[in-house]
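Notes for the structure review
The lines below spell out each chain.
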Amino acid sequence: VQKDGGRRRLGPYREASWSPFGRFVVAARENELAALEPDGKARWTLARRHVSSPRWTGSATDTRIAYVARAGIRVVPGDGTGDRLLSPGERAPIAWRPGTRFVLGQLHGSELRLQDADSGRVLRRARAGLAGDVLSLSWSPDGRRALVVHPWGVVLVDPDRDVARTVPFEATDVVAAAFSPDGSQIAVLR
């Protein structure tokens, strides 16, 4: 959507996210991951089965895209070359931890795993509250806390101290939640 309200359809994709600095869009449909120009022109595409949750991170010169596919969680550099399987069989919510390294947070049952996307090494494991019914995973802007969103509430996770704090709601009607830009508050959509 442009500033003047004009809209441009990128294509029949079901999920998308911006690249760092907003130069490109990564989009997913059932069996394809695509990097697109903002006008919808494809820079590259990858045929993969059951693609979802594309997430882009990095600097102006070095980026990575993580996504979930049938085989598990995969990572590909922003130029579309070198796509590889990072976590076989995993299909949990994922989110890049802010910082200078390519560290991917992923939920595995009631555990938050932090994995180096280049080496594949698991850097840390932390309790993340109850497993199941997870809507999303995101990070505070400073990368110190993760936010796990469930229909019944949210869980704040400090992976460095292995501390999880649950904030339940009376009804099971949470739709989404996000940190404020400075990380001091959380907005919850019910």
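Above: the structure in question.
Residues numbered from 1 in each chain as written. Predicted model: local features only at pLDDT ≥ 70, side-chain atom pairs only at ≥ 80, totals over all residues. Heavy atoms only, no water.

1. A look at the environment of Leu147
Within the element layout of this structure, Leu147 appears in strand S14 (residues 146–150). Judged by its relative accessible area of 0%, Leu147 is buried. Taking the C-alpha atoms as reference points, Leu147 and Leu130, 17 residues apart in sequence, are found 13 Å from one another. In this structure, Leu147 is in contact with Ser136, Leu137, Ser138, Val154, Val155, Leu156, Ala177, Ala178, Phe179 and Ile186, ignoring residues within four places of it in sequence. (Helix = DSSP H or I, 4+ residues; strand = E, 2+ residues; numbered from the N terminus. Buried < 20%, exposed > 50% of the residue type's maximum accessible area, 1.4 Å probe, protein only. Contact = heavy atoms within 4.5 Å.)

2. Details of the pairing of strand S5 (residues 52–58)
Two elements, S5 and strand S6 (residues 63–69), share five bridges in a ladder whose sense is antiparallel. Pairing of Ser52 across the sheet is with Val68, part of S6. Between S5 and S6, which pair antiparallel one after the other, the connecting turn spans four residues. (Pairing = 2+ DSSP bridges.)

3. Concerning the pattern of salt bridges
The final tally for this structure, using the stated rule, is 16 salt bridges. A salt bridge links Arg64 to Asp118; the nearest nitrogen and oxygen atoms lie 3.0 Å apart. On the criterion of sequence distance, the pair formed by Arg64 in strand S6 and Asp118 in the loop between strand S11 (111–116) and strand S12 (122–127) is long-range, its members being 54 residues apart. Here Asp116 makes a salt bridge to Arg101, at a shortest N to O gap of 3.2 Å. A residue pair is termed long-range when its members are at least 10 positions apart, and Asp116 in strand S11 and Arg101 in the loop between strand S9 (94–96) and strand S10 (103–108) qualify at 15 residues. On the basis of relative accessibility, which here comes to 11%, the residue Asp116 falls in the buried class. When salt bridges with common partners are traced through the structure, they connect Arg48, Arg74 and Asp83 into a single cluster. (Salt bridge = Lys/Arg side-chain N within 4 Å of Asp/Glu carboxyl O.)

On their own, these measurements won't tell you what the molecule is for.
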